[in-house]
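Residue-level structural notes
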Amino acid sequence: KSEKCRELAVEILRSLVENTSDLFPMLPYIFPTLVARLGCEDLDGVAHLPEVMRPDPEQKPVELARPVEESEEVRLALANFVAALLKRLNPTQIYSYIDEATGLIRAQAMDPYHEVKALACETMIAFCYNHCEMLLHFAEPLGRSLMSCLTHNHSRIRIYGLRALTAVFWCGVWKHNHEIVQQ
């Protein structure tokens, strides 16, 4: 029952976001709640470590072992909510929350559930092509989060992962795009 309540709450919020004329006053409440609910404040698990002790990118995680939200249906509803939210925001609004927005997409791409991964790849493709100038410094983390999609059992997820990786390459500096693949 509680899963259904959480799922319906996310659906109601999504319909509010889709039908509201001005989202800007709600963003300071929406983004921190989503970040906490999806557990994407420190995806790499290195925020507490000094800079010299942080691992190389190839040693960082590529898939979430235990998501904060245990229900796959609720995580899928949250992924739909994030996609609808990011679709509605203009570049000025996204600029204020670029760290949170990329963290949300990365967490969904690293999700164990294949439907969430597919939706995250679609969201990442649209986000990268629409905001490529803002994502210059986020290309490497975004690409690293797609590695679990590229090795997934379902061919559909691998194809989505390749399309999303192409969009991430579009955002990065062409001289340094090889660093994304070397991970």
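Let us look at the structure shown here. From a predicted model like this one, the values you see are computed outputs, not experimental measurements.

Some remarks on the state of the cysteines
Throughout the structure, instances matching the rule amount to 0 disulfides. For the unlinked cysteine Cys 128, the closest cysteine sulfur is that of Cys 171, found at 3.8 Å. On the basis of relative accessibility, which here comes to 0%, the residue Cys 128 falls in the buried class. With no disulfide of its own, Cys 149 lies 3.8 Å from the sulfur of Cys 121, the closest cysteine sulfur. Judged by its relative accessible area of 0%, Cys 149 falls in the buried class.

Remarks on the side chain of Ser 148
Topologically, Ser 148 is positioned in helix H8 (residues 147-150). Judged by its relative accessible area of 6%, Ser 148 is buried.

Digging into helix H5 (residues 98-109)
Counted at 1.5 Å a residue, the expected span for H5 with its 12 residues is 16 Å, and the 17 Å between its end C-alpha atoms agrees. On the buried face of H5, the contacting elements are helix H2 (27-38), helix H3 (72-88), helix H4 (91-96), helix H6 (114-130), helix H7 (139-145) and H8.

Some details on the packing of aromatic side chains
In the structure shown here, the tally under the stated rule is 2 aromatic pairs. Note on Phe 31 and Tyr 97: the rings are 4.8 Å apart at their centroids and 15 degrees apart in plane angle, and the pair reads as stacked. With Phe 31 in helix H2 and Tyr 97 in the loop between H4 and H5, this residue pair connects regions lying 66 residues apart in the sequence. Exposure remark for Phe 31: the relative accessible area of 1% places this residue in the buried category. We classify Tyr 97 as buried; its relative accessible area is 15%. Ring plane angle 70 degrees and centroid distance 6.1 Å describe the contact between Tyr 129 and Trp 170, whose orientation is recorded as edge-to-face. Taken together, the positions of Tyr 129 in helix H6 and Trp 170 in helix H9 (residues 155-171) put the pair 41 residues apart, joining distant regions of the chain.

Focus on the pattern of salt bridges
On inspection of all chains with the given rule, the structure shows 6 salt bridges. The partner of Arg 14 in a salt bridge is Glu 18, and the shortest N-O contact between them spans 4.0 Å. Of this pair, Arg 14 and Glu 18 both sit in helix H1 (residues 2-19), separated by 4 residues, roughly a single helical turn. Note on Arg 14: relative accessible area 24%, which makes it partly exposed. Exposure remark for Glu 18: the relative accessible area of 41% places this residue in the partly exposed category. The shortest N-O distance in the salt bridge between Arg 156 and Glu 115 comes to 2.9 Å. On the criterion of sequence distance, the pair formed by Arg 156 in helix H9 and Glu 115 in helix H6 is long-range, its members being 41 residues apart. With relative accessibility at 27%, the residue Glu 115 sits in the partly exposed group.

How each quantity is defined
Residue indices follow the written sequence of each chain, beginning from 1 at its first position. For this predicted model, a pLDDT threshold of at least 70 governs which residues receive local features, and a threshold of 80 or more governs which side-chain atom pairs are given and counted, while totals over whole chains, interfaces and linings are taken from all residues. The basis for the side-chain values is all heavy atoms of the structure; hydrogens and waters are excluded. Throughout, a disulfide means two cysteine sulfur atoms within 2.5 Å of one another. The cut-offs for exposure are 20% and 50% of the maximum accessible area for each residue type, with area from a 1.4 Å probe on protein chains only; residues under the lower value are buried, those over the upper are exposed, and the others partly exposed. Strands are runs of DSSP state E lasting at least two residues, helices are runs of H or I lasting at least four, and both sets are numbered from the N terminus onward. By definition here, a helix of n residues has an expected span of 1.5 Å times n minus one. For this analysis, residues touch if any pair of their heavy atoms sits within 4.5 Å. Only centres within 6.5 Å qualify two rings of Phe, Tyr or Trp (six-membered ring in Trp) as a pair; their planes then separate them into stacked at under 30 degrees, edge-to-face at over 60, and tilted for everything else. Criterion for a salt bridge: a side-chain nitrogen of Lys or Arg within 4 Å of a carboxyl oxygen of Asp or Glu.

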